[in-house]
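Close look at the chain arrangement
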Amino acid sequence: MKILKKLFIMLLIVKFLFILTGCKKDRYSIVLSEVTHSVFYAPQYVALAKGYFEEEGLKITLINSNGADKVMSALLSKKADIGLMGPEASIYVYNQGRKNYVINFIQLTQRDGSFLVGREKIENFTFDMLKGKSILGGRKGGVPVMTLQYVLRQKGLDAVLDDPTKEVNIRTDVQYGVLAGAFVSGEGDFVTLFEPGATNLEKEGKGYVLASIGAESGNIPYTAYSATKSYIEKNPDIIQKFTNAIYKGQKWVQEHSAREIAELIHPYFKETPIEDLTIVMQRYKDIDAWCPTPFFAKEGLERLMDIMEQAGELTKRAPFEKIVDNSFANKAMQN
């Protein structure tokens, strides 16, 4: 009887621990909304593939919201816990005067990820070759278009939006998702494309990469992880665990080759052959696209706001100390 009693007590203890474990797992289930499903965010997919989130006790539900405005909407409506998007969205929301504004706590990419593509291969391309030409740039107000305009003006070119009478005409009448198709069909003289779109056109012999916009623009916080002020205040442990996992992914990317990255994240991009994915990863490595740490640099945010101002999309700058919190990044880097 004593043995049976001991077994019964042990079973109760095991059941109790199982219940506690299950509660903890539910507590750390989070919804992550990404602005688009892209190879540009390789460190995130490395963290997923290597199980870094699981190591931190997190269960990630990944949703593709297809646009920064939709990611922001998901955060503000509490349909998502954490968002991956350009920090310009957090600037706009803060300037609206919202009390529960959105705070950036990890910087993921530090360069524009788009490439200038032409119809012909030009061995010694220079930006003055764009004079009198049109470029398919994407959505007006989007960071890709604003950064392109910023780079061209830095090169001394009078680049304006949707005005064929100017020195360089940046067209915004073609949607982002069909830029490559429109270019192939004959629209525009040049086009800016993210990967693997640029590589795909080269492979098909329908376009050639001439320059990296990111290499020319300098460091800017192109994409970052953010959450509402209230969510961060209520869940600092989750934010810290998430930051730890992303930092592990960032370090892995820095320490491994383009081929190794391509092989690891390929299951998330099965439509892209390993060979093409390797080319893409190398291109992003070459321009130092990914942040080596989750730390969000103030200089980069100031440059981003410079870009937004010159594009006429920003009339009031947001204070860095309000929309950025580096405390989680700093703690992750100390571990």
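Just so it is clear, the model here is predicted, and its values are computed rather than measured.

1. Quick word on unusual backbone geometry
For the bond running from Glu195 to Pro196, omega is 5°, close enough to zero to count as cis. Residues other than glycine seldom take positive phi values, yet Asn66 does so here, at roughly 55°. Relative to the elements of secondary structure, Asn66 occurs in the loop between β2 (59–64) and α4 (68–76).

2. Here's the deal with the pairing of strand β11 (residues 223–228)
Buried residues dominate β11, accounting for 6 of its 6 residues. Of the two faces of β11, the one holding Thr223, Tyr225 and Ala227 and the one holding Ala224, Ser226 and Thr228 are both buried throughout. Of the pairings in the sheet, the one linking strand β3 (residues 82–85) to β11 comprises 3 bridges and is antiparallel in character. Its bridge partner lying in β11, Gly83 is registered against Ser226. When strand β4 (residues 102–109) meets β11, the two strands line up antiparallel, connected through 6 bridges. Across the sheet, Ile106 pairs through a bridge with Tyr225, a residue of β11.

3. A few points about the side chain of Thr147
Within the secondary structure layout, Thr147 lies in helix α6 (residues 143–154). For Thr147, a relative accessible area of 0% puts it in the buried group. When near neighbours in sequence (up to four residues on either side) are disregarded, Thr147 contacts Asp112, Ile213, Ser217, Ile220, Tyr222 and Ile307.

4. Quick notes on the sheet that holds strand β8 (residues 168–171)
Taken in spatial order, the 6 strands make up an open sheet running β7-β8-β6-β9-β5-β10, and their pairing is mixed. Every other strand in the sheet has two partners, leaving β7 (159–161) and β10 (208–212) as the edge strands with one partner each. Adjacent strand axes in the sheet meet at a mean angle of 30°, parallel and antiparallel pairs treated alike. Taken together, the 4 bridges between strand β6 (residues 133–136) and β8 define a ladder with parallel strand orientation. Bridge assignment links Ser134 to a residue of β8, and that residue is Asn169. Packed on one face of the sheet, helix α8 (residues 197–204) meets β5 (114–118), β9 (190–194) and β10 and runs near 120° to β9.

5. Observations concerning the pattern of salt bridges
One pass over the full model with this rule turns up 14 salt bridges. With a closest N to O distance of 2.9 Å, Arg171 and Glu187 form a salt bridge. One end of the pair, Arg171, is in strand β8; the other, Glu187, is in the loop between α7 (179–184) and β9, and 16 residues separate them in sequence. In this structure, Asp276 and Lys203 form a salt bridge, with 3.0 Å as the shortest nitrogen-oxygen distance.

6. What about the nonpolar core?
Core analysis: the largest hydrophobic core is formed by 107 residues, its most contacted members being Phe105, Leu130, Leu152, Tyr225, Phe242, Met281 and Tyr284. Once residues lying within four places of it in the same chain are set aside, the contact partners of Leu130 are Leu116, Phe125, Ile135, Leu152, Leu157, Glu167, Val168 and Phe190.

7. Focus on helix α14 (residues 298–310)
Along its 13 residues, α14 runs 19 Å from first to last C-alpha, staying within 8% of the 18 Å computed at 1.5 Å per residue. Within the span of α14, buried status applies to Gly300, Leu301, Leu304, Met305, Ile307 and Met308. On an axial view of α14, the arc spanned by its buried residues comes to 155°, and they lie on one face. Note on α14: the residue one or two positions beyond its end, Gly312, has a positive phi of about 80°.

What counts and what doesn't
- Residues numbered from 1 in each chain as written.
- Predicted model: local features only at pLDDT ≥ 70, side-chain atom pairs only at ≥ 80, totals over all residues.
- Heavy atoms only, no water.
- Helix = DSSP H or I, 4+ residues; strand = E, 2+ residues; numbered from the N terminus.
- Buried < 20%, exposed > 50% of the residue type's maximum accessible area, 1.4 Å probe, protein only.
- Pairing = 2+ DSSP bridges.
- Contact = heavy atoms within 4.5 Å.
- Axes fitted to C-alpha atoms, helices over the stretch in contact; angles between N-to-C directions.
- Salt bridge = Lys/Arg side-chain N within 4 Å of Asp/Glu carboxyl O.
- Core = buried A, V, L, I, M, F, W, Y, C linked by side-chain atoms within 4.5 Å.
- Expected span 1.5 Å × (residues − 1).
- Arc of directions from axis to C-beta.

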